[in-house]
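Reading the structure
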Amino acid sequence: MSRTGGGVPDKICAGCGRPFAWRKKWARCWEEVRYCSAACREGRYQAATAAAEKRRKGA
Ligand SMILES: [Zn+2]
């Protein structure tokens, strides 16, 4: 669910698979943003990814 309120769509993080909202720091590169955090971008989010997978299957 988006709460950005500015008509900017959420994206799905390529690292953890969870939706994340536009942030001001991404104003100039939002089209290129694929990860919700530096941890995801650097592949340090495996634990959370596994948790997200488990959650998805469990749901
Ligand atoms: Zn992420």
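All residue numbers refer to position in the chain's written sequence, counted from 1. For a predicted model such as this one, the threshold for reporting local features is a pLDDT of at least 70, and the threshold for listing and counting side-chain atom pairs is 80 or more; totals across whole chains, interfaces and linings nevertheless cover every residue.

The name given to the protein in an unreviewed UniProt entry is DUF2256 domain-containing protein, with Paeniroseomonas aquatica as the source organism.

Our focus in this paragraph is the overall build of the protein. Helix and strand labels come from DSSP, where a helix needs a run of H or I of at least four residues and a strand needs a run of E of at least two; each type is numbered from the N terminus. Scanning the protein from terminus to terminus reveals 2 helices and 2 strands. Each helix and strand of the protein, ordered N terminal to C terminal, gives the series β-β-α-α. In the protein, which comprises 59 residues, the proportion classed as buried is 10%. Put simply, of all contacts in the protein between residues at least 6 apart along the chain, 31% involve residues at least 24 apart. Neighbour density around each residue's C-beta defines its exposure: 20 or more other C-beta atoms within 10 Å make it buried, 12 or fewer make it exposed, and counts between make it partly exposed, where C-beta atoms are placed from the backbone. Contact criterion: two residues are in contact if their C-beta atoms, reconstructed from the backbone, are within 7 Å.

Position of Glu42 among the secondary structure elements: in the loop between α1 (38-41) and α2 (46-58). For the pair Glu42 and Gly15, spaced 27 residues apart in sequence, the C-alpha separation works out to 8.6 Å.

Take the confidence of the model for the protein next. Note: pLDDT gives the predictor's confidence per residue, expressed from 0 to 100. Averaged over every residue, the pLDDT of the protein is 81; residues scoring 70 or more account for 75%. Averaged pLDDT values for the elements of the protein fall to 69 in α2 and rise to 95 in strand β1 (residues 11-12).

Quick look at the environment of Asp10 now. Position of Asp10 among the secondary structure elements: in the segment before β1. Looking at Asp10, the number of C-beta atoms within 10 Å reads 15, which means it is partly exposed. Note: C-alpha distance between Asp10 and Ala21 (11 residues apart in sequence) is 4.6 Å.

You can see Arg23 is positioned in the loop between β2 (19-20) and α1. Classification of Arg23 by C-beta neighbours within 10 Å gives exposed; the count is 12. Expressed as a C-alpha distance, the spacing of Arg23 and Asp10, which sit 13 residues apart in the sequence, is 9.9 Å.

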